[in-house]
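The primary structure of each chain is shown beneath.
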Amino acid sequence: MESTIYITLWAVLAFVSWLIVAGGAALAVFSKSIEDSALERIGLSAVCLTTTGAACRIVAAGWASAGDAALAVSAAVYVAAVTIKHIREPKQ
(Lines give C-alpha, C1' and ligand atoms only; values in the text may rest on other atoms or scores of the structure.)
Protein backbone atom coordinates (compact mmCIF):
# COMPACT_ATOMS: atom_id res chain seq x y z
CA MET A 1 0.00 0.00 0.00
CA GLU A 2 2.77 2.42 0.92
CA SER A 3 4.59 1.89 -2.39
CA THR A 4 1.36 2.61 -4.28
CA ILE A 5 1.08 5.97 -2.54
CA TYR A 6 4.67 6.86 -3.48
CA ILE A 7 4.11 5.86 -7.11
CA THR A 8 0.96 7.98 -7.20
CA LEU A 9 2.76 10.97 -5.69
CA TRP A 10 5.57 10.66 -8.25
CA ALA A 11 2.96 10.51 -11.02
CA VAL A 12 1.11 13.59 -9.76
CA LEU A 13 4.35 15.52 -9.33
CA ALA A 14 5.56 14.60 -12.82
CA PHE A 15 2.15 15.32 -14.39
CA VAL A 16 1.89 18.80 -12.85
CA SER A 17 5.51 19.60 -13.67
CA TRP A 18 5.12 18.63 -17.33
CA LEU A 19 2.02 20.81 -17.56
CA ILE A 20 4.00 23.74 -16.10
CA VAL A 21 6.66 23.23 -18.76
CA ALA A 22 4.02 23.01 -21.50
CA GLY A 23 2.31 26.16 -20.24
CA GLY A 24 5.59 28.07 -20.11
CA ALA A 25 6.48 27.01 -23.63
CA ALA A 26 3.04 27.97 -24.93
CA LEU A 27 3.28 31.32 -23.16
CA ALA A 28 6.66 31.98 -24.78
CA VAL A 29 5.36 31.03 -28.22
CA PHE A 30 2.48 33.49 -28.09
CA SER A 31 4.19 36.28 -26.14
CA LYS A 32 4.74 39.48 -28.07
CA SER A 33 7.32 40.79 -25.62
CA ILE A 34 9.71 37.89 -26.18
CA GLU A 35 11.60 38.39 -29.41
CA ASP A 36 12.30 34.86 -30.61
CA SER A 37 13.03 33.77 -34.14
CA ALA A 38 10.59 31.59 -36.04
CA LEU A 39 12.84 28.57 -35.49
CA GLU A 40 12.89 29.18 -31.72
CA ARG A 41 9.10 29.43 -31.69
CA ILE A 42 8.84 26.18 -33.64
CA GLY A 43 11.14 24.55 -31.08
CA LEU A 44 9.05 25.91 -28.21
CA SER A 45 5.93 24.58 -29.90
CA ALA A 46 7.56 21.16 -30.10
CA VAL A 47 8.45 21.37 -26.40
CA CYS A 48 4.84 22.27 -25.60
CA LEU A 49 3.49 19.33 -27.60
CA THR A 50 5.97 16.76 -26.28
CA THR A 51 5.56 17.75 -22.64
CA THR A 52 1.78 17.67 -23.00
CA GLY A 53 2.21 14.20 -24.48
CA ALA A 54 4.42 13.18 -21.55
CA ALA A 55 1.75 14.36 -19.11
CA CYS A 56 -0.90 12.37 -21.00
CA ARG A 57 1.36 9.31 -21.01
CA ILE A 58 1.63 9.51 -17.23
CA VAL A 59 -2.15 9.63 -16.90
CA ALA A 60 -2.56 6.71 -19.32
CA ALA A 61 0.10 4.63 -17.57
CA GLY A 62 -1.05 5.59 -14.10
CA TRP A 63 2.45 5.87 -12.70
CA ALA A 64 5.80 7.61 -13.08
CA SER A 65 9.22 6.70 -11.78
CA ALA A 66 11.31 8.87 -9.50
CA GLY A 67 13.57 9.64 -12.46
CA ASP A 68 10.62 10.78 -14.57
CA ALA A 69 9.47 13.04 -11.76
CA ALA A 70 12.97 14.44 -11.19
CA LEU A 71 13.35 15.32 -14.88
CA ALA A 72 9.92 16.93 -14.98
CA VAL A 73 10.52 18.95 -11.81
CA SER A 74 13.92 20.19 -12.98
CA ALA A 75 12.43 21.36 -16.28
CA ALA A 76 9.51 23.03 -14.47
CA VAL A 77 11.86 24.88 -12.12
CA TYR A 78 13.85 26.13 -15.11
CA VAL A 79 10.69 27.31 -16.88
CA ALA A 80 9.50 29.05 -13.71
CA ALA A 81 12.87 30.80 -13.32
CA VAL A 82 12.87 32.02 -16.94
CA THR A 83 9.26 33.18 -16.62
CA ILE A 84 10.05 35.14 -13.45
CA LYS A 85 13.06 36.69 -15.16
CA HIS A 86 10.93 37.90 -18.06
CA ILE A 87 8.20 39.20 -15.77
CA ARG A 88 10.60 41.14 -13.54
CA GLU A 89 12.71 42.52 -16.39
CA PRO A 90 11.84 46.20 -16.94
CA LYS A 91 10.42 46.97 -20.35
CA GLN A 92 12.35 49.50 -22.38
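Since the model is a prediction, treat every value here as computed from it, not as a measurement.

1. Notes on the overall build of the protein chain
- The secondary structure content of the protein chain amounts to three helices and zero strands.
- Along its sequence from the N terminus, the protein chain presents helices and strands in the succession α-α-α.
- When the accessible area of the protein chain is evaluated, it comes to approximately 6,400 Å², of which 72% is carbon and sulfur surface.
- Charged side chains of the protein chain number 6 positive and 6 negative; the gap between the two group centres comes to 8 Å.

2. Quick word on the confidence of the model for the protein chain
- Residues of the protein chain with pLDDT of at least 70 account for 93%, and the chain-wide mean is 89.
- Summarising per-element confidence for the protein chain, the mean pLDDT is lowest in helix H1 (residues 2-30) (89) and highest in helix H2 (residues 38-61) (94).

3. Re the nonpolar core
- Among the nonpolar cores identified, the biggest contains 12 residues, and these are Ala11, Ala14, Trp18, Val21, Ala54, Ala55, Ile58, Ala64, Ala69, Ala72, Ala76 and Val79.
- Where this core is concerned, the elements lending two or more residues are H1, H2 and helix H3 (66-88).
- Setting aside residues no more than four positions away along its own chain, Ala72 makes contact with Ala14, Ser17, Trp18 and Val21.

4. Section: the pattern of salt bridges
- Counted by the stated rule, this structure contains one salt bridge.
- Asp68 is the partner of Arg57 in a salt bridge, and the nearest nitrogen-oxygen pair spans 3.7 Å. You can see Arg57 sitting in helix H2 and its partner Asp68 sitting in helix H3, a full 11 residues away along the chain.
- What makes Arg57 partly exposed here is its relative accessible area of 42%.

5. A few points about H2
- If you check H2, its first and last C-alpha atoms are 34 Å apart, about what 24 residues at 1.5 Å a residue would give, namely 34 Å.
- Of the residues making up H2, those classed as buried are Cys48, Thr51, Ala54, Ala55 and Ile58.
- Remark: Gly62 follows H2 within two positions and exhibits a positive phi of approximately 80°.

6. A short note on the environment of Val73
- Here Val73 is to be found in helix H3.
- Exposure remark for Val73: the relative accessible area of 28% places this residue in the partly exposed category.
- With 57 residues separating them along the chain, Val73 and Val16 place their C-alpha atoms 8.7 Å apart.
- Dropping the residues within four chain positions of it, Val73 is found in contact with Leu13 and Ser17.

Rules used in this analysis
- Residues numbered from 1 in each chain as written.
- Predicted model: local features only at pLDDT ≥ 70, side-chain atom pairs only at ≥ 80, totals over all residues.
- Heavy atoms only, no water.
- Helix = DSSP H or I, 4+ residues; strand = E, 2+ residues; numbered from the N terminus.
- Areas by Shrake-Rupley, 256 points an atom, 1.4 Å probe, with all protein chains shown as cover.
- Lys, Arg positive; Asp, Glu negative; His and termini not counted.
- Charge placed at Lys NZ, Arg CZ, Asp CG, Glu CD.
- pLDDT = per-residue confidence, 0-100.
- Core = buried A, V, L, I, M, F, W, Y, C linked by side-chain atoms within 4.5 Å.
- Buried < 20%, exposed > 50% of the residue type's maximum accessible area, 1.4 Å probe, protein only.
- Contact = heavy atoms within 4.5 Å.
- Salt bridge = Lys/Arg side-chain N within 4 Å of Asp/Glu carboxyl O.
- Expected span 1.5 Å × (residues − 1).

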